[in-house]
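Structural features, examined
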Amino acid sequence: MPCRIGITTDPEGRREYWQKQAAGFDNWQILEIFRSRAAAKEYQTEYALRHGCEAALGDLDAPVTARELATEHDWWYVYHFDYVLKAD
């Protein structure tokens, strides 16, 4: 089953978004919490490479909140979930 990893300052909002967007959405997890966006991005990239998960740069396909435009001084959550590939 494919997986996706991302970062956000609003984990509940992001979970709700992906539940509506990803077919077969399952196994939502918060993997780590960081104080800096840079540290969260680094962890995201390493995890995606290690586990073969899809990771978008800044999750550009998901809506970004004004809070997420901040780079520091917010808690950054690294999340993971599984989904089903849609047949074309």
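Refer to the structure printed above.
Attention here is on the structure that accompanies the text. (Residues numbered from 1 in each chain as written. Predicted model: local features only at pLDDT ≥ 70, side-chain atom pairs only at ≥ 80, totals over all residues. Heavy atoms only, no water.)

Some points on the overall build of the protein chain
Each helix and strand counted, the protein chain has two helices and three strands in total. Walking the protein chain from its N terminus toward its C terminus, one meets helices and strands in the order β-α-β-α-β. Counting over 88 residues, the protein chain shows a buried share of 41%. In the structure as shown, the protein chain presents an accessible area of about 5,300 Å², 54% of it carried by carbon and sulfur atoms. (Helix = DSSP H or I, 4+ residues; strand = E, 2+ residues; numbered from the N terminus. Buried < 20%, exposed > 50% of the residue type's maximum accessible area, 1.4 Å probe, protein only. Areas by Shrake-Rupley, 256 points an atom, 1.4 Å probe, with all protein chains shown as cover.)

Observations regarding a nonpolar patch on the surface
Taken together, Ile 30, Ile 33 and Trp 75 make up a surface patch of nonpolar side chains, about 290 Å² in accessible area. Counting through the fold element by element, Ile 33 comes out in strand 2 (residues 26–36). Note on Ile 33: relative accessible area 45%, which makes it partly exposed. (Patch = residues over 30% accessible without salt bridge, like charges linked within 9 Å, V, L, I, M, F, W, Y side chains within 5 Å. Salt bridge = Lys/Arg side-chain N within 4 Å of Asp/Glu carboxyl O.)

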